[in-house]
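Each chain, written out:
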Amino acid sequence: MSTTRPYSPGDRGPEPSGASGASEGGAPAAGASAGGATAVPAASPGGRQVRRLSFDGESGVVPLARDFTRQALYAWGWLPAATADQRAAAEDVLLVVSELVTNACLHAEGPDQLEITCDKKVIHIEVSDRGTGQPAPRTPHRAGRPGGHGMFIVQRLCLDWGVVRTPGVAGKKVWAELGAPA
């Protein structure tokens with residue numbers, strides 16, 4: 001299912017103080033790292049954890065996004081996976097990140113930022129870009145042909161996905177949510 005909403009379904013309001021990666025004194029918060037990546041430790045109720053990666057001036061953004069996501073999955077205990085189901089869930093997250101970032105590269109002048117949020121039950125992935133297009137699975141889906149499978153894969157693997165646009169602001173955020181492993 002695809003939806004266009006003024007907010008993401010898991011949006012819980014403004015980020016808690018310090019969630020931008022800087023502490024109140026202006027110094028980088030614990031968990032901030034070099035290279036445009038900002039890892040924000042969980043500070044909110046319910047164990048919600050957020051990590052952000054800025055792609056400003058970066059090349060090789062798809063492998064960069066996968067590596068960043070893999071590091072987050074290790075930090076959050078999704079990896080190393082103890083069971084085949086847990087391993088499959090982590091691989092699904094990495095595949096969805098790859099597809100969303102690739103689509104931003106191919107159809108939207110490249111991604112601006114990747115944000116991954118994890119709580120006990122759901123991983124929420126958001127890729128922002130400056131593109132005006134509306135992502136959608138190619139219809140009809142032709143499984144035997146190369147290319148054009150990205151949003152079909154996202155649709156099949158995710159609990160939900162959609163697009164968030166802010167009036168008066170160029171671009172969009174494409175989001176997807178996946179369930180935590182059992």
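Please refer to the structure placed before this passage.
Definitions and cut-offs
Residues numbered from 1 in each chain as written. Predicted model: local features only at pLDDT ≥ 70, side-chain atom pairs only at ≥ 80, totals over all residues. Heavy atoms only, no water. Core = buried A, V, L, I, M, F, W, Y, C linked by side-chain atoms within 4.5 Å. Buried < 20%, exposed > 50% of the residue type's maximum accessible area, 1.4 Å probe, protein only. Helix = DSSP H or I, 4+ residues; strand = E, 2+ residues; numbered from the N terminus. Contact = heavy atoms within 4.5 Å. Salt bridge = Lys/Arg side-chain N within 4 Å of Asp/Glu carboxyl O. Expected span 1.5 Å × (residues − 1). Arc of directions from axis to C-beta. 1 Å grid on protein atoms, 1.4 Å probe; cavity = no way out; pocket = protein on both sides within 12 Å on 5 of 7 lines; lining within 4 Å. Points joined across faces, edges and corners; volume = space filled by probe spheres on them. Nonpolar A, V, L, I, M, F, W, Y, C, P; charged D, E, K, R; others polar.

Bringing the nonpolar core into the picture now. Counting 33 residues, the largest nonpolar core has L100, L114, I123 and I125 as its most contacted members. Listing elements by their share of this core, those giving two or more residues are α1 (61-75), α2 (84-107), β4 (111-118), β5 (122-129), α3 (150-157), β6 (160-164) and β7 (172-179). With nine residues, the top contributor of residues to this core is α2. Once residues within four sequence positions are removed from consideration, L114 is found in contact with R51, R52, L53, F55, A65, F68, T69, V97, I125, E126 and V127.

Time to look at the pattern of salt bridges. Under the counting rule described, the total for this entry stands at five salt bridges. Close ionic contact of R52 with E115 constitutes a salt bridge, the shortest N to O distance being 2.9 Å. One end of the pair, R52, is in strand β3 (residues 49-54); the other, E115, is in strand β4, and 63 residues separate them in sequence. There is no split in this pair, since R52 and E115 are both buried. The salt bridge involving R130 is made with D112; its shortest N-O contact spans 2.0 Å. Highlighted residues: R130 in the loop between β5 and α3 and D112 in strand β4, separated in sequence by 18 residues.

Before going further, it helps to examine α1. For α1, with 15 residues, the first-to-last C-alpha span of 21 Å sits near the 21 Å given by 1.5 Å per residue. Among all positions of α1, only V61, A65, F68, T69, A72 and L73 are buried. Down the axis of α1, the smallest arc covering the buried residues is 140 degrees, so these residues share one side. G77 occupies a position one or two residues after α1 and carries a positive phi of about 85 degrees.

Here we come to the layout of surface pockets. It is a probe the size of a water molecule, rolled over the atoms, that shows where empty space is left. Estimated volume of the second largest pocket: approximately 390 Å³. Going through the elements one at a time, α2, β5, α3 and β7 are the ones with two or more residues in the lining of the second largest pocket. Counting residues per element, the lining of the second largest pocket draws most heavily on α2, at seven residues. Within the lining of the second largest pocket, the residues separate by chemical class into 11 nonpolar, eight polar and four charged.

By relative accessible area, E115 is classed as buried at 11%. Each C-alpha atom, one on E115 and one on S54, is 8.7 Å from the other, the two residues being 61 residues apart in sequence.

For the rest of this paragraph, the subject is α2. Counted at 1.5 Å a residue, the expected span for α2 with its 24 residues is 34 Å, and the 34 Å between its end C-alpha atoms agrees. E109 sits one or two residues past α2 and shows a positive phi near 65 degrees.

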